[in-house]
Amino acid sequence: MTSPVKGGAAPAPPVPRTRKSVTGTRKTVAVGFLLPALVLLGALVVYPIGFSVYRSFFDKSGTSFAGLDNYVELFTDDTILTAVKNNAIWVVVAPTVATALGLIFAVLTERVRWGTAFKLIVFMPMAISMLAAGIIFRLVYEQDPSRGVANAVVVGVHDTFSDAAGYPKAHPLPVHPLKAGGGGTFVTKEPVRAGTEVLLPLVGVPPAKMPSDALPAKGATAEDGKVTGTAWLDFTPGGGGKPNVIDPEELGLKGLKVEAVKDGKVVATATAGADGTFSLPAAADGAQLRLPESNFKEPYNGVEWLGPSLVTPAIIGSYLWMWAGFAMVLIAAGLASVPRELMEAARVDGATEWQVFRRITVPLLAPVLAVVMVTLMINVLKIFDLVLIIPPGSSQADANVLALQLYRSSFGTDADLGVGSAIAVLLLLLVLPVMLFNIRRMRKETRR
């Protein structure tokens, strides 16, 4: 029992204490530590955002109130509309493909003996700056197959499955028995006769461009009832040759197509051999010989990667080269925490690998995939370096994005800070929903 207080005096009230935070720090001390960070946040983030919103309502000079004119221009100017369209393509395609590639790499490298080395190689482009990556891929997409890696591969595959180019720029001399036939063709000046040899000399083909298996040209043997002849390069290296004469060092035009034409119709065709000789049936008697346009087509030069139609997908390809490794590393970290018992139980129950992947691996990795997607979406909304460096001048307008247009509108030769500020506000509005989604997701993860 509590003993009574002597003299009947009331007990002294407890001494009030200064309230502290959970960590035991006084609020004033906490505010003192946070104040420098809050000042920097206000100066570097809040103030620029507020000033950009304010400046977007003024004209180019900044002295006259323009209302919503700058925002109206965002959706009426063709250049800015192209940038908006390209940004939409970037946001939909790049994060989705990068996340899918990262997921595939992360799952497959678990089953590869040298998985760690593979991950290192795939992640290595992340160590390269956007500037350096842009320069690399500007060379990769070079149109000339002898310089551009992409076109070197495409041309190699194309020439493997289809005929190589003919003899571009080949043509006869005025003294040759050939003349222009229209449409890029050449025809004999006189009709040909069976049992006689026909000469089809051409010039204009560099010796280095001749087929490697072309043989020295030789005269064709005359045959009764047939039209025979020789098509050859009427050029002797070093000089000394005679026109319309097959000299010993002159090569046959292998693969040259020859058509016999009567009354505008092709009655027979032939292809020159390695030594340039060819033979036509009796139906060619009295016809004119024609060298069709297909003999003189330009060689296949690959794909115009940086042309107006493919420039944006090409730049997205360079972005995937850099960021697929980032997605792979994050997804692989999430994959390492997935309970293996669930996968093994599914396999024991008879599930295929595809079913395990679709019904167990992907659902368990959904939070990680969401993080990767959101991060990449925010990243591509402000893509700038690759779009500035990779496209040539002729395709810059077709590859334009909002961040690049923001730079040009704000600091270009014809700068308009009102429009530039409006673009900055638009970018902020586009990023906000993604950020809010990410914050909600993080809060849900914290409550679990």
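A brief report on the enclosed structure follows. For every chain, the first residue of its written sequence is number 1, and the numbers climb from 1 along that sequence. Given that the model is predicted, a residue must reach a pLDDT of at least 70 before its local features are reported, and side-chain atom pairs must reach 80 or more before they are shown or counted; all residues, however, enter totals for whole chains, interfaces and linings. Side-chain metrics in this entry use all non-hydrogen atoms of the structure; hydrogen atoms and water are not considered.

**Regarding the sheet that holds strand β4 (residues 227–233)**
Strand pairs in the sheet, formed through backbone hydrogen bonds, run parallel or antiparallel to each other.
Reasoning step 1: Pairing is mixed across the open sheet formed by three strands, whose spatial order is β3-β4-β7. Each edge of the sheet is formed by a strand with only one pairing partner; in this case those strands are β3 (197–202) and β7 (277–280). Each neighbouring strand pair of the sheet contributes to a mean axis angle of 25°, computed without reference to strand direction.
Reasoning step 2: A pair of strands counts as paired when DSSP detects no fewer than two bridges linking them. Here a helix means four or more residues in a row that DSSP labels H or I, a strand means two or more in a row labelled E, and each is numbered from the N terminus. Pairing between β3 and β4: six bridges, direction parallel. Note on β4: the bridge partner recorded for Val198 is Gly229. Whenever a helix is involved, its axis is fitted only over the stretch in contact; in every case the axis is a line through C-alpha atoms, and angles between N-to-C directions fall within 0 to 180 degrees.

**As for a nonpolar patch on the surface**
Reasoning step 1: Patch membership is restricted to residues that have no salt bridge and whose relative accessible area is over 30%. Joining uses 9 Å for like charges and 5 Å for the nonpolar side chains Val, Leu, Ile, Met, Phe, Trp and Tyr. Values of accessible area rely on a 1.4 Å probe in the Shrake-Rupley scheme; residue burial ignores everything except the protein chains shown. The salt bridge definition used is simple: a Lys or Arg side-chain nitrogen within 4 Å of an Asp or Glu carboxyl oxygen. Side chains of Leu34, Leu35, Leu38, Val39, Leu40, Leu41, Leu44, Val45, Val46, Ile49 and Val53 sit close together on the surface and give an oily, nonpolar patch of about 1000 Å² of accessible area.
Reasoning step 2: In this fold, Leu35 is placed in helix α1 (residues 27–55).
Reasoning step 3: Here's how the labels work: a residue is buried when its accessible area is under 20% of the maximum for its type, exposed when over 50%, partly exposed in between, all with a 1.4 Å probe on protein chains only. You can call Leu35 partly exposed: its relative accessible area is 48%.

**A few points about helix α13 (residues 417–447)**
Reasoning step 1: For a helix, the expected span equals 1.5 Å multiplied by the number of residues minus one. The end-to-end C-alpha distance of α13, which contains 31 residues, comes to 44 Å, matching closely the 45 Å that a straight helix rising 1.5 Å per residue would cover.
Reasoning step 2: Bending is quantified residue by residue as the angle between axes fitted to the seven-residue window ending at that residue and the seven-residue window starting at it. Remark: the principal bend of α13, roughly 25°, maps to Leu432, with a proline, Pro433, within the next four residues.
Reasoning step 3: Sitting at the head of α13, Asp416 places a side-chain oxygen 3.1 Å from the backbone nitrogen of Gly418. In protein, a polar contact requires one atom able to donate a hydrogen and another able to accept it; more generally it is a pair of N or O atoms within 3.5 Å, and residues adjacent in sequence count only if both atoms are side-chain atoms.

**So, the environment of Ser212**
Reasoning step 1: The residue Ser212 is located in the loop between β3 and β4 in this model.
Reasoning step 2: In the structure, Ser212 is positioned 62 residues away from Ala274 in sequence and 9.8 Å away in space, judged by C-alpha atoms.

**A closer look at the nonpolar core**
Reasoning step 1: In these notes, a set of buried Ala, Val, Leu, Ile, Met, Phe, Trp, Tyr and Cys residues joined through side-chain atoms within 4.5 Å is what counts as a nonpolar core. Counting residues in each nonpolar core, the largest one holds 49 residues, and the members touching the most others are Trp90, Tyr141, Ile315, Tyr319, Ile383, Leu386 and Val387.
Reasoning step 2: For this core, the secondary structure elements donating two or more residues are α3 (78–109), α5 (130–140), α7 (311–336), α8 (340–348), α9 (353–364), α10 (366–381) and α11 (385–389).
Reasoning step 3: Sort the elements by how many residues they give to this core and α7 lands first, with 14 residues.
Reasoning step 4: Ignoring sequence-local partners within four residues, the contact set of Val387 consists of Trp90, Ile315, Gln396, Ala399, Asn400, Val401 and Leu404.
Reasoning step 5: Grouped together as the second largest cluster of nonpolar side chains are 28 residues, Val198, Ala231, Leu253 and Ala284 included. By definition, residues are in contact when any of their heavy atoms lie within 4.5 Å.

**Comments concerning the packing of aromatic side chains**
How two aromatic rings sit relative to each other is given by the distance of their centres and the angle of their planes.
Reasoning step 1: Pairing of aromatic rings covers Phe, Tyr and Trp, the last through its six-membered ring, and needs centres within 6.5 Å; plane angles under 30 degrees mean stacked, over 60 mean edge-to-face, and all others mean tilted. One pass over the full model with this rule turns up 17 aromatic pairs.
Reasoning step 2: Here Phe186 and Phe296 contribute two aromatic rings whose centre-to-centre distance is 5.2 Å and whose plane-to-plane angle is 85°, an arrangement assigned as edge-to-face. Taken together, the positions of Phe186 in strand β2 (residues 185–188) and Phe296 in the loop between β8 (288–291) and α7 put the pair 110 residues apart, joining distant regions of the chain.
Reasoning step 3: Taking relative accessible area as the criterion, Phe186 reaches 13% and is therefore assigned buried.
Reasoning step 4: According to the relative accessible area criterion, Phe296 is buried, its value standing at 13%.
Reasoning step 5: An aromatic cluster of at least three residues, connected via ring pairs, comprises Tyr47, Phe51, Tyr54, Phe57, Phe58, Phe65 and Tyr71.

**Remarks on unusual backbone geometry**
Reasoning step 1: One non-glycine residue, Lys169, lies in the positive phi region at around 70°.
Reasoning step 2: Within the secondary structure, Lys169 sits in the loop between α6 (149–161) and β1 (178–182).
Reasoning step 3: Unusually for a residue other than glycine, Asn244 sits at a positive phi of about 65°.
Reasoning step 4: Its place among the elements puts Asn244 in the loop between β4 and β5 (257–262).

**Overview of the layout of surface pockets**
Reasoning step 1: Definitions used for this entry: grid spacing 1 Å over protein atoms alone; cavity, a set of points where a 1.4 Å probe fits but cannot get out; pocket, an open set with protein on both sides within 12 Å along at least 5 of 7 lines; lining residue, one with an atom within 4 Å of a point. Grid points are joined across faces, edges and corners, and a volume is the space filled by probe spheres set on the points. In this model, the second largest pocket occupies a volume close to 340 Å³.
Reasoning step 2: In terms of lining residues, the second largest pocket is bounded by Ile49, Ser52, Val53, Ile378, Leu381, Lys382, Leu406, Ala424, Val425, Leu427, Leu428 and Val431.
Reasoning step 3: Elements with a contribution of two residues or more to the lining of the second largest pocket: α1, α10 and α13.
Reasoning step 4: Per-element tally for the lining of the second largest pocket: the top contributor is α13, with five residues.
Reasoning step 5: Polar here means any residue other than Ala, Val, Leu, Ile, Met, Phe, Trp, Tyr, Cys and Pro, which are nonpolar, and Asp, Glu, Lys and Arg, which are charged; Gly is therefore polar. When the residues that make up the lining of the second largest pocket are grouped by side-chain class, the tally is 10 nonpolar, one polar and one charged.

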